Amino acid sequence: QKEVEQNSGPLSVPEGAIASLNCTYSDRGSQSFFWYRQYSGKSPELIMFIYSNGDKEDGRFTAQLNKASQYVSLLIRDSQPSDSATYLCAVRFGFNKFYFGSGTKLNVKP
Amino acid sequence: DGGITQSPKYLFRKEGQNVTLSCEQNLNHDAMYWYRQDPGQGLRLIYYSQIVNDFQKGDIAEGYSVSREKKESFPLTVTSAQKNPTAFYLCASSINGVGEKLFFGSGTQLSVL
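Residues numbered from 1 in each chain as written. Chains lettered and ligands numbered in written order. Predicted model: local features only at pLDDT ≥ 70, side-chain atom pairs only at ≥ 80, totals over all residues. Heavy atoms only, no water.

Undergrad: Just checking my understanding: could you explain the overall build of chain B for this structure?
TA: In terms of regular secondary structure, chain B is built from zero helices and eleven strands. Walking chain B from its N terminus toward its C terminus, one meets helices and strands in the order β-β-β-β-β-β-β-β-β-β-β. For chain B, whose C-alpha radius of gyration is 13 Å, the value lies close to the compact-globule estimate of 13 Å for 113 residues. Overall, chain B is about 40 × 25 × 25 Å in size when its C-alpha atoms are taken along their principal axes. Counting only residues that meet the buried cut, chain B has 50% of its 113 residues in that class. Expressed as a percentage of contacts within chain B between residues at least 6 apart in sequence, the contacts between residues at least 24 apart total 52%. When the accessible surface of chain B is totalled, it reaches about 5300 Å², and 48% of it is carbon and sulfur. Charged side chains in chain B number 11 positive and 11 negative. The centres of these two groups are separated by 6 Å. (Helix = DSSP H or I, 4+ residues; strand = E, 2+ residues; numbered from the N terminus. Rg over C-alpha atoms; globule rule 2.2 N^0.38 Å. Buried < 20%, exposed > 50% of the residue type's maximum accessible area, 1.4 Å probe, protein only. Contact = heavy atoms within 4.5 Å. Areas by Shrake-Rupley, 256 points an atom, 1.4 Å probe, with all protein chains shown as cover. Lys, Arg positive; Asp, Glu negative; His and termini not counted. Charge placed at Lys NZ, Arg CZ, Asp CG, Glu CD.)

What follows is the structure in structure tokens.
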């Protein structure tokens, strides 16, 4: 079974701070990496995806990928209370199988 | 609007009963998936299908069955063999191809009476 590991948290940051979430994966052949946000009782919502080594920025979100070290991270700048949710890391293995980490719960304190 | 529709939102199963969760998509996606999520945990893959009339077991397929007779539809049956069915079930779809993204329906919460 493919492994995707995340720290379950909770990660608590004050409003306006940078939240940093990390994820490691087991398969060096993985090519596609995704971050989903999930509010309690709701389905996951895609917020970032990255395929190449380096950084990808979209608004307040930055995804970072390091294939040599097999980790992907998500930075949330200027964190808001509305960012409080569980963040799921997903990795696409092979052609069509997506595996998910157990998620990191983020609390942004006003 | 394009999207993935799951029904019902809540479902209750009696002992020994089979129940079927519906999943319909109008995104013209080739691949469809079923995931199970237990409280405080990530998503575990039950079944997936890349094309019509074909599907593969995921990591926790025991006690579940699926069909894929139409591109738009991928129903999941939770059989009486699944002894611990209480969970949040998520249907998802994607376009076939490396790099394509996964999109989710709104989920079905299944509970045992």
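Undergrad: Explanation requested: the pattern of salt bridges in the structure shown.
TA: Summed over all chains, the structure comprises six salt bridges over all chains. In this structure, Asp83(A) engages Arg60(A) in a salt bridge whose closest nitrogen and oxygen atoms are separated by 2.9 Å. Residue Asp83(A) is located in the loop between β8 (71-76) and β9 (85-93), and its partner Arg60(A) is located in the loop between β6 (54-58) and β7 (61-66); the two are separated by 23 residues in the primary sequence. A salt bridge links Asp30(B) to Lys71(B), with the nearest nitrogen and oxygen atoms 3.4 Å apart. (Salt bridge = Lys/Arg side-chain N within 4 Å of Asp/Glu carboxyl O.)

Undergrad: Whenever I open this one, the side chain of Gln82(B) confuses me. Can you help?
TA: Residue and element names in this part refer to chain B. In this structure, Gln82 sits in the loop between β8 (76-78) and β9 (87-94). Judged by relative accessible area, which is 11%, Gln82 ranks as buried. From its side chain, Gln82 meets the backbone oxygen of Glu62 in a polar contact 3.1 Å long. Sequence-distant contacts of Gln82, defined by excluding residues within four places in its chain, comprise Arg13, Arg36, Glu62, Gly63 and Tyr64. (Polar contact = N/O pair within 3.5 Å; in protein donor to acceptor, adjacent residues only side chain to side chain.)

Undergrad: It is not clear to me how the pairing of strand β10 (residues 97-100) of chain A should be interpreted in this structure. Could you clarify?
TA: On a regular strand, each side chain points to the face opposite its neighbour's, so the side chains alternate between the two faces of the sheet. All names here are of chain A. Bridge count for β9 against β10 is four bridges, and the pairing is antiparallel. Within β10, the residue paired with Arg92 across the bridge is Phe98. In sequence, β9 turns back onto β10 through a hairpin of three residues, with Gly94 there showing a positive phi of about 65 degrees. (Pairing = 2+ DSSP bridges.)

Undergrad: Explain the sheet that holds β8(A) here, please?
TA: What links the strands of a sheet is backbone hydrogen bonding, and the strands pair in either a parallel or an antiparallel sense. All names here are of chain A. With antiparallel pairing, five strands are arranged side by side in an open sheet as β1-β3-β8-β7-β6. Pairing within the sheet leaves two strands with one partner each, and these edge strands are β1 (4-6) and β6. Averaged over all pairs of adjacent strands, the angle between strand axes in this sheet comes to 20 degrees, irrespective of strand direction. (Axes fitted to C-alpha atoms, helices over the stretch in contact; angles between N-to-C directions.)

Undergrad: Looking at this structure, how should I read the layout of surface pockets?
TA: It is a probe the size of a water molecule, rolled over the atoms, that shows where empty space is left. Taken as a whole, the largest pocket spans an internal volume of roughly 580 Å³. Along the walls of the largest pocket sit 28 residues, with Gln38(A), Tyr39(A), Ser40(A), Gly41(A) and Gln37(B) positioned nearest its centre. Elements supplying a minimum of two residues to the lining of the largest pocket: β9 and β11 (104-109) of chain A together with β9 of chain B. At four residues, β11(A) tops the list of elements feeding residues into the lining of the largest pocket. Of the residues contributing to the lining of the largest pocket, the split by class is seven nonpolar, 17 polar and four charged. (1 Å grid on protein atoms, 1.4 Å probe; cavity = no way out; pocket = protein on both sides within 12 Å on 5 of 7 lines; lining within 4 Å. Points joined across faces, edges and corners; volume = space filled by probe spheres on them. Nonpolar A, V, L, I, M, F, W, Y, C, P; charged D, E, K, R; others polar.)

Undergrad: When you look at the packing of aromatic side chains in this model, what are you seeing that I'm missing?
TA: Residues and elements named next belong to chain A. Taken as a whole, this structure holds 15 aromatic pairs over all chains when the rule is applied. Their ring planes at 50 degrees and their centres at 5.7 Å tell us that Tyr36 and Phe100 sit as a pair that is tilted. A residue pair is termed long-range when its members are at least 10 positions apart, and Tyr36 in strand β4 (residues 32-38) and Phe100 in strand β10 qualify at 64 residues. We classify Phe100 as buried; its relative accessible area is 8%. (Phe/Tyr/Trp six-rings, centres within 6.5 Å; stacked < 30°, edge-to-face > 60°.)

Undergrad: I'm lost on the interface of chain B and chain A in this one. Help?
TA: Note: interface size is frequently given as the accessible area lost on complex formation between the parts. Taken together, the contact between chain B and chain A spans 27 residues of the former and 23 residues of the latter. Interface of chain B and chain A: buried area, both sides summed, is about 2000 Å²; carbon and sulfur atoms make up 55% of it. If you look at where chain B meets chain A, you find zero salt bridges. At the surface where chain B touches chain A, the tally comes to six residue pairs in polar contact (both at pLDDT 80 or more). Every element with two or more residues in the side of chain B that touches chain A is listed here: β4 (31-37), β5 (43-51), β9 and β10 (103-104) of chain B. Here the side of chain B that touches chain A is built from residues that sort into 13 nonpolar, eleven polar and three charged. (Buried area = accessible area lost by both parts, 1.4 Å probe.)

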